[in-house]
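Remarks on the overall topology
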Amino acid sequence: MAIANAVQRGTLVYIYNDNNNLIGSVPAGNGPNDGLKGYTSSRVNVQRGSLIYSYDEHGRHVGSVPAR
């Protein structure tokens, strides 16, 4: 199931599929630079603090890298 859209609302990022059904959500953080940084059909990237976290379409953490 591919990611068609990712939207940040407050401190959560909601992940939607091609049918506009909610398929997952992840925390967005609450710092000044925190939040949704981007998404592809298979990953959602969210910055929280000094790290950028990658999640799959179900909201499962799949990796993280330092933010620049």
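The coordinates are above.
Before going into details, it helps to say that this report is about the structure given with it. Counting restarts for each chain, with residues numbered from 1 along the sequence as it is written. This being a predicted model, a pLDDT of at least 70 is required before a residue's local features are given, and a value of 80 or more before pairs of side-chain atoms are given or counted; all residues contribute to the totals for chains, interfaces and linings. Heavy atoms throughout the structure, all of them, feed into the side-chain values; hydrogens and water do not.

Before going further, it helps to examine the side chain of D34. Working definition: helices are DSSP H or I runs of at least four residues, strands are E runs of at least two. Numbering for both runs from the N terminus. Of note, D34 is situated in the loop between strand 3 (22-27) and strand 4 (35-39). Summary of the burial criterion: residues with accessible area below 20% of their type's maximum are buried, those above 50% are exposed, and those between are partly exposed, where the area comes from a 1.4 Å probe applied to protein chains only. For the charge count, each Lys or Arg is scored as positive and each Asp or Glu as negative, with His and the chain ends excluded. Here, a salt bridge means any side-chain nitrogen of Lys or Arg that lies within 4 Å of a carboxyl oxygen of Asp or Glu. Within the buried core, D34 has no salt-bridge partner, and the shortest N-O distance to an opposite charge, that of R48, equals 6.5 Å. Polar contacts involving the side chain of D34 include one to the main-chain amide nitrogen of G31, which spans 2.9 Å. Contacts described as polar in this section are N or O atom pairs within 3.5 Å, which, within protein, must combine one atom able to donate a hydrogen with one able to accept it, while residues neighboring in sequence count only if both atoms come from side chains. In terms of polar contacts, D34 uses its side chain to reach the backbone amide nitrogen of G49, at 2.8 Å. Not counting chain neighbours up to four residues away, the residues in contact with D34 comprise A28, G29, Q47, R48 and G49. Contacts are assigned to residue pairs that have any heavy atoms within 4.5 Å of one another.

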